[in-house]
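Here's the letter readout for the chains.
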Amino acid sequence: MELKVVKASVEKGEGLGWGKSLLVPSIQEILKNDSQSVPERYIQEPKDRPLISQNLFDSLQVPVIDFSMLAQKDANEIRKLDLACKEWGFFQIINHGVREEIMVNMKAAMAAFFELPFQEKSKCAKGANEIQGYGQNFVVSEKQKLDWCDMMFLKTFPHETRNFKFWPLTLPGFKEAVEEYSTEIRKVSNKIDANLSVLMGMDKNGLKRKLGEFQQGIRMNYYPTCSRPDLVLGISPHSDGSLFTLLLQDDEINGLQIKHKEVWIDAKPIPNSLVVNIGDAIEILSNGMYKSIEHRAISNEKKPRMSIATFVMPGDEVQIGPLDSMVNEKHLPRSYRNIKYIDYIRQKFAMKMQGKAHTPIVKL
Ligand code: OGA
Ligand code: NI
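Residues numbered from 1 in each chain as written. Chains lettered and ligands numbered in written order. Predicted model: local features only at pLDDT ≥ 70, side-chain atom pairs only at ≥ 80, totals over all residues. Heavy atoms only, no water.

(A) Here's a closer look at the overall build of the chain. A tally of regular secondary structure across the chain gives nine helices and 14 strands. The C-alpha atoms of the chain give a radius of gyration of 20 Å, which matches the 21 Å a tight globule of 364 residues would have. Dimensions along the principal axes, computed over C-alpha positions, put the chain at roughly 60 × 50 × 40 Å. In the chain, once contacts between residues fewer than 6 apart in sequence are set aside, the share between residues at least 24 apart is 77%. Accessible area for the chain stands at about 15,800 Å²; split by element, carbon and sulfur atoms hold 53% of it. Averaging the coordinates of the 49 positive side-chain charges in the chain and doing the same for the 46 negative ones gives two points 3 Å apart. (Helix = DSSP H or I, 4+ residues; strand = E, 2+ residues; numbered from the N terminus. Rg over C-alpha atoms; globule rule 2.2 N^0.38 Å. Contact = heavy atoms within 4.5 Å. Areas by Shrake-Rupley, 256 points an atom, 1.4 Å probe, with all protein chains shown as cover. Lys, Arg positive; Asp, Glu negative; His and termini not counted. Charge placed at Lys NZ, Arg CZ, Asp CG, Glu CD.)

(B) Expanded view of the packing of helix α4 (residues 100-115) against helix α6 (residues 174-199). Interaxial distance between α4 and α6 falls to 9 Å at its minimum, and their mutual angle equals 135°. By the angle between their axes, α4 is oblique relative to α6. In this structure, α4 meets α6 at a crossing whose hand is left-handed. Here α4 contributes Ile102, Met103, Asn105, Met106, Ala109 and Phe113 to the contact with α6, which in turn contributes Phe174, Ala177, Val178, Glu180, Tyr181 and Glu184. Residue composition of the contact of α4 with α6, by class: nine nonpolar, one polar and two charged. (Axes fitted to C-alpha atoms, helices over the stretch in contact; angles between N-to-C directions. Parallel < 35°, antiparallel > 145°, perpendicular 65-115°, else oblique. Left-handed = near helix turned anticlockwise from the far one by under 90°. Nonpolar A, V, L, I, M, F, W, Y, C, P; charged D, E, K, R; others polar.)

(C) Molecular detail of the site of ligand 1. Around ligand 1, the surrounding shell holds 13 residues, and the nearest of these are Asn221, Tyr223, His295, Arg305 and Ser307. One of the side-chain nitrogen or oxygen atoms of Asp240 is found 3.3 Å away from an oxygen atom of ligand 1. Arg305 places a polar side-chain atom, nitrogen or oxygen, 2.9 Å from an oxygen atom of ligand 1. When the free accessible area of ligand 1 is taken as 290 Å², the share hidden by the protein chains comes to 97%. Judged by the proximity of its atoms to the pocket grid, ligand 1 belongs to the largest cavity. (Near = heavy atom within 4 Å. Polar contact = N/O pair within 3.5 Å; in protein donor to acceptor, adjacent residues only side chain to side chain. 1 Å grid on protein atoms, 1.4 Å probe; cavity = no way out; pocket = protein on both sides within 12 Å on 5 of 7 lines; lining within 4 Å. Sits in = over half its atoms within 2 Å of the grid points.)

(D) Representation of the coordination of the nickel ion (ligand 2). For the nickel ion (ligand 2), the protein coordination sphere consists of His238 (NE2), Asp240 (OD) and His295 (NE2), at 2.1 to 2.2 Å. Within one chain, the residues serving as donors to the nickel ion (ligand 2) are arranged as H-x1-D-x54-H. Here His295 lies in strand β11 (residues 295-297) and His238 lies in strand β6 (residues 235-238), a separation of 57 residues in the sequence. Given the relative accessible area of 8%, His238 is considered buried. Residue classification places His295 among the buried positions, given a relative accessible area of 6%. (Donors = N, O, S within 2.8 Å, 3.2 Å for Na, K, Ca; no water. Buried < 20%, exposed > 50% of the residue type's maximum accessible area, 1.4 Å probe, protein only.)

Structure follows, in structure tokens:
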């Protein structure tokens, strides 16, 4: 069988920005020829395979934060947020203010893109030296196991980082849906950033003052069905390199799992909510008080699953390191060194997704 490799012409590349990744086949396309196929390159080593039937920890739930209570500065909700960040690194937010219609439109736009013929999607394909566009990232070796997922990554803020050569501009409504969604998510992320600033001992503008304008990037994950979900991973265990990430997941289909106290817990979908997780940059800035937590996605036999991850990040040239308010020579010695954000991200993209393999690079 001929494998269709997602590739773009070399001229599309603009030198090394955030990193590079080997070009790989589209799993969605492979399955169009044979829906039962599970190519060897996707079969995980036995130790890495998910235990699909494991429901032992069904009662454990990712904390739910009512965003409208945070807006009212409700002390109890703020305490819940602090605990969720410390003990879970993950929480789901409800009443976040993003209108349902905007989320529905975003999901529909993403679905319409992945339903396009391969030739059409390929017009947005990433190059080997690109991280934006349609394809896959974090593939650094021909021997590496591949994730059961195709993705589309677009930078959305600041405005000038938008590179429309990777956007399917002829797809009706796509650009509008992404623009509206990214704008609304930015409002939510500004409120999260203000709350985290206060929890980390600053005023509500503390993080913005230290880091300047944030960047935003949107990763759309398409997980096709799999005849053997016990052998593959939708997305390998990793922590996010962002400050924090807001994930819009399918309203019904389980897929996201979080490593909590050494066991994998399902982040069961709550319709219209957003899953928020702490990324490596907040771990470093908070001097380890809030940790970026390993997570992964599993696939299923019944229905394709889609998710939309919005990464909120410092600017490329910004130095990140433990905040003054989080360091105390006696009780809280500095445990991470300073690093320019782009240097951190380049190290991240140069490795495969591999659990918490990245923050140790900047640990003292
Ligand atoms: C990600 C991610 C999880 C999911 O894109 O970084 O962790 O459920 N996605 O799709
Ligand atoms: Ni992630």
